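Single-letter residue listing:
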Amino acid sequence: MTPQQALQKYFGYNNFRHQQEAIIQHVLNKQDIMALMPTGGGKSLCYQLPAVLLNGLTIVISPLIALMKDQVDSLNVSGIPAAFLNSAQTPEEQRQLVEKLKNNQVKLLYLAPERLFGAENKLVPFLKTLNVVQIAIDEAHCISQWGHDFRPEYLMLAQLKNEFPDVPVIALTATADKLTQKDILEKLNLTKPAVFVSSFNRANITYRVIPKKNSFKQLITFLNERRDESGIIYCLSRKSTEELAADLKDEGFAAEAYHAGLNNEVKARNQEAFLRDDVKIIVATIAFGMGINKSNVRYVVHVDLPKNIEGYYQETGRAGRDGLASEALLLYSPGDAGKLQHFARIEGNEEQSRIMLNKLNDMVRYCQLQSCRRQYLMNYFDEAFPPNCGSCDVCLTEFKRFDGTLIAQKALSAVSRLNERFGVNYVIDFLRGSKNEKIREEHKLLKTYGIGADISKTDWQRYLRELITMEYLQVTDDGYPILKLTNQSSLVLKGIQKVEFIETQVTEDTHAEAAPPHEAALLSKLKDTRRGIAELENVPAYIIVSDATLLEMATYLPQSLDELRLISGFGDVKLARYGRELLQPVKAYCAEKGIESKIAYKSQKRERKPKTERTKAPRSSSDTRTETFNLYRQGKNVTEIAAARGLSQVTIEGHLTYFVQTGELDVQELVPAEKIPAIKDAVESYGNERLAPLKEILGDAYTYGEIKAVIGWLNKT
Ligand code: ADP
Ligand code: ZN
């Protein structure tokens, strides 16, 4: 059997994701591997599929019982014999397992590291008598002190290669940071390991930050729209998790608290209830999460500011493992930043304090961004990303812009008149004609003094900030920050270049949501059926089939087992075990409504991800983009569309770039073919993080729109 065939037969998937195929090929060739993939990327398949194909036993090292149990349940449901060994098992259970292992009746054996190498253990000699063909180390970052989740027992794994020198080891982690990666390779003593790094972008998560005002009210508004969905709410303190959970219960939500201070029984109970969808919301400190494989977490909310980007990204990453659209919401208040600053300072450890404060500052900057949040996150993890992801609040927001050329000219000439020797506050006071004695007498005589008196101080602060972002002004970073002109300033001063500012209130456009592409009533029936099956099998519902699978069913309406086979997630065993039962509600629904199977539509689209990846109707963002695209298809150019829609050209270009990126629009429609090589060259040499330098290199013959389009094309998905 080829890996491709096994993928379909055992897991019910049509295509490999990320670098799964290459990784699997390396394992089959008996090579050591380290694979870095984001959460939900599909790491497990990288060792589970070889385990199925290889004739022998795969040992999987995993840090937590909850994780092991989830994986073992999920494999068994798919007809792959798997087991775990843990201290909760009775001697009789253990004896039975040993028997099965001896008879080659187990394909994957899950173990905690201390089981393997703990003091009184004779497990290694026993395992050596078996035909071990692969060793997988899940959550491999636990071996590193640099990581966020160091587990001393992982250090014992250094002996693995001595004990099993000929068995390929595959180390897997979702930790991106370089120091940890290096540490993993060193500590595990892998032999000439092949390293696979996938993009860490979580395309199905939408990132939003809103100013925290009345957090409880804001939360309720958010949760009310998501009553049937599961989510995690992170708070900073144990006390507030309990209070918030209680308040949410009062409002009729199925919520429970989780933090390290609760006794083990309560923790286990709450976690289990969450996995089984009896509890929809877990209000937790960061103690909660690791070990949660629940694939249908639809949202993660941070009610308090996280301490650093690493933690934030990991926590938000717990949403949407099933690949369906999910949300990350952060409530930001500058007060929180102040509080955390206080905590970040560690008495007597200047070095450590400095690092923690820097990390906190990066987190605060993220909250205050006026540019794409996803790009910022990706850049933070050293990954290049284009400036318009189309699915963070910044990219989803249509900024109302106005012509601010005159305002810009006033600001730039003030800076120039003051000989580029003063900071922001002085320039603003000067522009507003302040009578303050700080303003030098000779400056009060200048013609520019007071030309900006009609604009408030806060507005001036904002305009200057934007001019700095647009690189018409710069700030020196040595000692006292001083405003200086840039080599683009003169274009504005001479009136060659127009400047647009964003109007004060930033509004996310909220058109009515379009009709959902799937049958919502059917989806909920399917969930009920799945729940029934899960209760009988005594596993969480998502182990039976994922939400993504049910959503496909409710979209393509399969009528027979043959049609059901085409739905992603049905391998042979699942199809035989649960196919009939899950088909029932679909057939009944279609008969009642007089609608037919749409499976033919799916087969055509096989290669592309179905549009139904989103649980919700397409958001306003995609509506507004589509509107632009339709006008474009009707033959209107960017200027005309901008005028017709009352949006800026920059926004329209952003919309069109999106379609270049998805492959629906040919880049050559937006950029003359002869210009593409030069832009491509510039992007490849200088990166795509910032447009202004690229524009500068390329010169006036190239527009921002053209540069953006080519970047979109280079990032085509
Ligand atoms: P990770 O361990 O990297 O966080 P998982 O291994 O739990 O991710 O996989 C996340 C989800 O994606 C699971 O539901 C898994 O079944 C699914 N998945 C994995 N590989 C594929 C694939 N090639 N096609 C479709 N779904 C996949
Ligand atoms: Zn974005």
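None of these values were measured; they are calculated from a predicted model.

## Examining the coordination of the zinc ion (ligand 2)
Each protein donor to the zinc ion (ligand 2) is listed here as Cys372 (SG), Cys389 (SG), Cys392 (SG) and Cys395 (SG); together their distances run 2.3 Å. Bound by four donor atoms, the zinc ion (ligand 2) shows angles of 102 to 119 degrees at the metal and therefore tetrahedral coordination geometry. Along the chain, the residues donating to the zinc ion (ligand 2) are arranged with the sequence spacing C-x16-C-x2-C-x2-C. Of the two residues, Cys372 is situated in the loop between α15 (350–368) and α16 (373–380) and Cys392 in the loop between α16 and α17 (393–396); the sequence distance between them amounts to 20 residues. According to the relative accessible area criterion, Cys372 is buried, its value standing at 2%.

## Let's talk about the pairing of strand β6 (residues 169–173)
The element β6 is extensively covered by neighbouring structure, given that five of its five residues are classed as buried. What you see with β6 is no split at all: Val169, Ala171 and Thr173 on one side and Ile170 and Leu172 on the other are buried throughout. Across four bridges, strand β1 (residues 33–36) lies against β6 in parallel orientation. Bridging across to β6, Ile33 finds its partner in Ile170.

## Focus: the side chain of Lys410
For Lys410, the location among the structural elements is in helix α18 (residues 405–417). In this structure, Lys410 is in contact with Leu431, Ile451, Asp454 and Trp460, ignoring residues within four places of it in sequence.

## Remarks on the site of ligand 1
Near ligand 1, the surroundings consist of 13 residues, among which Tyr13, Asn15, Gly40, Lys43 and Ser44 are the closest. In the model, a nitrogen atom of ligand 1 is placed 2.8 Å from a nitrogen or oxygen of the Asn15 main chain. Between ligand 1 and Gly41 there is a distance of 3.4 Å, counted from an oxygen atom to a backbone nitrogen or oxygen. Protein chains bury 82% of the 580 Å² of accessible surface belonging to ligand 1 in isolation. Here the residues of the shell around ligand 1 sort into three nonpolar, seven polar and three charged.

Rules behind the numbers
- Residues numbered from 1 in each chain as written.
- Chains lettered and ligands numbered in written order.
- Predicted model: local features only at pLDDT ≥ 70, side-chain atom pairs only at ≥ 80, totals over all residues.
- Heavy atoms only, no water.
- Donors = N, O, S within 2.8 Å, 3.2 Å for Na, K, Ca; no water.
- Tetrahedral: all angles 85-135°; square planar, octahedral: opposite > 155°, others 65-115°.
- Helix = DSSP H or I, 4+ residues; strand = E, 2+ residues; numbered from the N terminus.
- Buried < 20%, exposed > 50% of the residue type's maximum accessible area, 1.4 Å probe, protein only.
- Pairing = 2+ DSSP bridges.
- Contact = heavy atoms within 4.5 Å.
- Near = heavy atom within 4 Å.
- Polar contact = N/O pair within 3.5 Å; in protein donor to acceptor, adjacent residues only side chain to side chain.
- Areas by Shrake-Rupley, 256 points an atom, 1.4 Å probe, with all protein chains shown as cover.
- Nonpolar A, V, L, I, M, F, W, Y, C, P; charged D, E, K, R; others polar.

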